[in-house]
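Structural description and commentary
The residues making up each chain are set out below.
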Amino acid sequence: LKRGGSRGRILAGGIQMALEGGGEETFCQIKEVLCKHRELIYSIYLYYCATGASHDRFVMGRAEFLRFVTGARLVDSELDEATFVRVLKEAKAGRKFMQETRTLRFADSLLRFEFLQALVHIALLKYVLPGQIPSVAAALRRLIDDIRCSAPADAMALAERDIFRK
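Given the structure is predicted, the values throughout are model-derived calculations rather than measurements.

1. A closer look at the environment of Ala151
Its place among the elements puts Ala151 in the loop between helix H10 (136–150) and helix H11 (153–159). Take Ala151: its relative accessible area is 16%, and that puts it in the buried class. When the C-alpha positions of Ala151 and Arg73 are compared, they lie 9.5 Å apart, and in sequence the two are 78 residues distant. Filtering out sequence-adjacent residues up to four positions away, Ala151 remains in contact with Ile44 and Met156.

Take a look at the structure:
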């Protein structure tokens, strides 16, 4: 990621810059995609949270987030690990209670809603900015499909809550 490039501007300025012009319709489409795939997303989040040192189901640390992006095969020549560290920081940038509590447990981590924001950022960086997919919602759909294809079997089992009955 080159400083000052279009990808850098997205991270520096946040998701609003990429959604300019799309307005409420774009946000509704993104929400629809996230709602449709929430079981899978929540299962992936839960799985990677549980792989951390604290085995906390509600907090994804930096190491677990990087394990997720590596496991999902999202790291490539265009999007390196440092880019994903910036995505993590951007997704949690709006967290105001962190400045007050300063607890080590949450300092370098993502809560579930921040993980959803990070997925949108990744979809923008991976598909929209390079011009592969013009729509943020379609890019998010593609990202979720890519994640589904590379998800560990244990994470997929969490998504299918009735699997034990089969």
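On we go.
2. Observations regarding empty space enclosed by the protein
Throughout the structure, instances matching the rule amount to 2 cavities of 30 Å³ or more. Of the voids in this model, the largest cavity is the one considered here, and its volume is about 50 Å³. The wall of the largest cavity is formed by Leu40, Ile41, Ile44, Phe68, Phe115, Leu119, Ile144 and Ile147. Class assignment of the residues belonging to the lining of the largest cavity gives a composition of 8 nonpolar, no polar and no charged.

3. Here's the deal with helix H9 (residues 112–128)
Its 17 residues give H9 an end-to-end C-alpha distance of 23 Å, which sits within 8% of 24 Å, the value for a rise of 1.5 Å per residue. Burial within H9 is extensive, with 14 of its 17 residues counted as buried.

4. Details of the side chain of Glu64
Within the fold, Glu64 resides in helix H5 (residues 62–71). For Glu64, which is buried and forms no salt bridge, the nearest opposite charge comes from Arg67, at a distance of 4.3 Å. Discounting chain neighbours no more than four positions away, the residues touching Glu64 are Tyr48, Thr51, Gly52 and Ala53.

5. Focus on the pattern of salt bridges
Once their charged atoms are close, side chains differing in charge can pair, the charge on each being opposite to the other. Summed over all chains, the structure comprises 2 salt bridges. A salt bridge links Lys126 to Asp76, with the nearest nitrogen and oxygen atoms 3.1 Å apart. Taken together, the positions of Lys126 in helix H9 and Asp76 in the loop between H5 and helix H6 (81–91) put the pair 50 residues apart, joining distant regions of the chain. Residue Lys126 is classed as buried on the basis of its relative accessible area, which comes to 13%. Look at Asp76 and you get partly exposed, because its relative accessible area is 33%.

6. As for the confidence of the model for the chain
Overall, the predicted model of the chain reaches an average pLDDT of 78, with 70% of residues at or above 70. Of all secondary-structure elements in the chain, the lowest mean pLDDT belongs to helix H1 (residues 6–13), at 48, while H10 reaches the highest, 94. This model gives residues 9–14 a pLDDT under 50, and the stretch forms 20 contacts once residues within four places in sequence are excluded.

7. A word on the packing of aromatic side chains
Tallying each qualifying case throughout the model produces 5 aromatic pairs. An aromatic cluster of three or more residues is present, and its members are Tyr45, Tyr47, Tyr48, Phe65, Phe68 and Phe115. Note that Arg112 overlies the ring of Tyr42, its terminal NZ or CZ placed 3.7 Å from the centroid.

8. Things to note about unusual backbone geometry
Located in the positive-phi region is Arg73, a residue other than glycine, with phi close to 60°. With respect to the secondary-structure elements, Arg73 resides in the loop between H5 and H6. Arg73 sits in the exposed class, given a relative accessible area of 63%.

9. Considerations on H10
With 15 residues, H10 extends 21 Å between its outermost C-alpha atoms, agreeing within 8% with the 21 Å of an ideal straight helix rising 1.5 Å per residue. All of the buried residues along H10 are Val136, Ala137, Ala139, Leu140, Leu143, Ile144, Ile147 and Ser150. The arc enclosing the buried residues of H10, seen along the axis, measures out at 155°, which places them on a common side. If you check the start of H10, you find a side-chain oxygen 3.3 Å away from the backbone N of Ala137, and it comes from Ser135.

Scoring rules and cut-offs
Residues numbered from 1 in each chain as written. Predicted model: local features only at pLDDT ≥ 70, side-chain atom pairs only at ≥ 80, totals over all residues. Heavy atoms only, no water. Helix = DSSP H or I, 4+ residues; strand = E, 2+ residues; numbered from the N terminus. Buried < 20%, exposed > 50% of the residue type's maximum accessible area, 1.4 Å probe, protein only. Contact = heavy atoms within 4.5 Å. 1 Å grid on protein atoms, 1.4 Å probe; cavity = no way out; pocket = protein on both sides within 12 Å on 5 of 7 lines; lining within 4 Å. Points joined across faces, edges and corners; volume = space filled by probe spheres on them. Nonpolar A, V, L, I, M, F, W, Y, C, P; charged D, E, K, R; others polar. Expected span 1.5 Å × (residues − 1). Lys, Arg positive; Asp, Glu negative; His and termini not counted. Salt bridge = Lys/Arg side-chain N within 4 Å of Asp/Glu carboxyl O. pLDDT = per-residue confidence, 0-100. Phe/Tyr/Trp six-rings, centres within 6.5 Å; stacked < 30°, edge-to-face > 60°. Lys NZ or Arg CZ within 6 Å of the ring centre and 35° of its normal. Arc of directions from axis to C-beta. Polar contact = N/O pair within 3.5 Å; in protein donor to acceptor, adjacent residues only side chain to side chain.

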